[in-house]
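Letter by letter, the chains look like this.
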Amino acid sequence: QVQLVESGGGLVQAGGSLRLSCAASGSIFSINAMGWYRQAPGKQRELVATITRRGSTNYADSVKGRFTISRDNAKNTVYLQMNSLKPEDTAVYYCASGPVANDMDYWGKGTLVTVSS
């Protein structure tokens with residue numbers, strides 16, 4: 001079992017920045033990929049970014065150039081630096097982990113990000 005706890009969400013004005021953190025605990029030896037997903041009201045959950053243990057990253061087109069995912073393997077923590085935020089980035093952001101980037105099997109409870117116009 002892996003436990004994931006997100007932090008860093010909040011309210012920010014358009015154009016501002018936020019940094020999300022996700023700390024993993026439990027059977028962390030099983031974790032290769034970690035990532036961030038988001039779900040806006042009335043929409044399906046979607047990929048934001050993923051990162052492997054070796055540092056390979058993948059981003060949704062909508063966040064490329066604005067968001068940066070990073071990882072501290074020693075601290076079992078993944079981060080999401082979000083810059084130039086837009087109202088359409090408003091969503092609950094979920095941290096996830098798994099053996100590969102397209103097969104996440106553990107999820108956090110989410111943290112709300114609200115971007116005001």
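Before any of the text, the structure's been laid out above.
The numbers attached to residues start from 1 for each chain and follow its sequence in the written order. Local features are withheld for residues below a pLDDT of 70 in this predicted model, meaning they are given only at 70 or higher, and side-chain atom pairs are given and counted only at 80 or more; totals for whole chains, interfaces and linings count all residues. Side-chain measures here rest on the full set of heavy atoms in the structure, leaving out hydrogens and waters.

1. Observations concerning the pattern of salt bridges
Pairing is possible between side chains of opposite charge, provided their charged atoms come close. Filter applied, for reference: Criterion for a salt bridge: a side-chain nitrogen of Lys or Arg within 4 Å of a carboxyl oxygen of Asp or Glu. Secondary structure counts use DSSP, requiring at least four H or I residues in a row for a helix and at least two E residues in a row for a strand, with both numbered from the N terminus. Relative accessibility decides the category of a residue: with a 1.4 Å probe and only protein chains considered, values under 20% of the type maximum give buried, values over 50% give exposed, and everything between is partly exposed.
For the coordinates displayed, the defined rule picks out four salt bridges. Ionic pairing is found between Asp89 and Arg38, a salt bridge with its closest N-O pair at 2.9 Å. Linking Asp89 in the loop between strand S8 (77-82) and strand S9 (91-98) with Arg38 in strand S4 (residues 33-39), this pair joins segments that are 51 residues apart in sequence. Accessibility classification places Asp89 together with Arg38 in one group, the buried group. Lys64 is the partner of Asp61 in a salt bridge, and the nearest nitrogen-oxygen pair spans 3.1 Å. What makes Asp61 exposed here is its relative accessible area of 65%. Classification of Lys64 as partly exposed rests on a relative accessible area of 49%. A single salt-bridge network, built from bridges that share partners, covers Arg38, Glu46, Arg66 and Asp89.

The analysis is restricted to geometry; functional conclusions fall outside its scope.
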